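The chain contents come next:
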Amino acid sequence: MKLSKSQEKKLKQEAGLHGMDDVGEYLLEKMKTVIRWEETESIRNLMQKNLLSEEQKSMLIDFGKKNLEELPNAKVLFENEEHFMIKLKVKLKEINS
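In this report, the structure presented in the accompanying data block is examined. (Residues numbered from 1 in each chain as written. Predicted model: local features only at pLDDT ≥ 70, side-chain atom pairs only at ≥ 80, totals over all residues. Heavy atoms only, no water.)

### A few points about the packing of helix 1 (residues 5-17) against helix 2 (residues 23-39)
The condition that has to hold: Simply put, an axis is a line fit to the C-alpha atoms, just over the touching stretch for a helix, and the angle between two N-to-C directions goes from 0 to 180 degrees. Secondary structure is summarised from DSSP: a helix means a run of H or I of at least four residues, a strand means a run of E of at least two, and numbering begins at the N terminus for each. Roughly parallel means an angle under 35 degrees; roughly antiparallel means over 145; roughly perpendicular covers 65 to 115; every other angle is labelled oblique. We call two residues contacting when some pair of their heavy atoms lies within 4.5 Å.
Put simply, helix 1 and helix 2 touch, their axes get as near as 9 Å, and they point 75 degrees apart. Taken together, helix 1 and helix 2 sit at an angle that is classed as roughly perpendicular. Between helix 1, through L11, K12, E14 and A15, and helix 2, the contact on the second element is made entirely by V23, Y26, L27 and K30.

### A short note on the pattern of salt bridges
Between side chains of opposite charge, a pair can form as their charged atoms come close. For clarity, the threshold we go by: Each salt bridge in this description consists of a side-chain nitrogen of Lys or Arg and a carboxyl oxygen of Asp or Glu lying within 4 Å of one another.
Summed over the entire model, instances satisfying the criterion amount to 9 salt bridges. Here K30 ties to E14 by a salt bridge, and the two come within 3.0 Å at their closest N and O atoms. Taken together, the residues K30 in helix 2 and E14 in helix 1 connect sequence positions 16 residues apart. Connected through salt bridges with shared partners, the residues K10, E14 and K30 form a single ionic network.

### Considering the side chain of E14
In plain terms, the rule: Only protein chains enter the accessibility calculation, which uses a 1.4 Å probe; a residue whose area is less than 20% of its type maximum is buried, one above 50% is exposed, and one in between is partly exposed. Here a polar contact is recorded for every N or O atom pair within 3.5 Å, except that within protein the pair must consist of a potential hydrogen donor and a potential acceptor, and residues adjacent in sequence are included only if both atoms are side-chain atoms.
For E14, a relative accessible area of 18% puts it in the buried group. One polar contact links E14 to K30, side chain to side chain, over a distance of 3.0 Å. Not counting chain neighbours up to four residues away, the residues in contact with E14 comprise Y26 and K30.

So, in C-alpha cells, the structure goes:
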C-alpha cells in the first residue's frame, strides 16, 4: 500500500498512541478491530430485543464467550467497543438469571 507522507505520519502517530512502533502491525490490528466490530452488528440487534428465543439466547451466549476471551488480547479497540462488551455482559446476566 502506498501512502503519502502525511498519511504515513498520521499512522505512525496512531500506532504510537496504541503502543506500537510497527505501522504494519498497527494496520493489521486495526483491520481486525473493524472485522470484529462488523461481526457484532447482528448481535447488537439481538441485544435490543426484550424477548429472545432459545436459539437467539444461545447465539448471544456463544458470541459472548468467544469475544470476552479474545477482547483482552486486542491491541486496538474502537472507543465504544468496551461499552458494547459491558452491555453484552449485562444482557448475558439477564439471560442466565
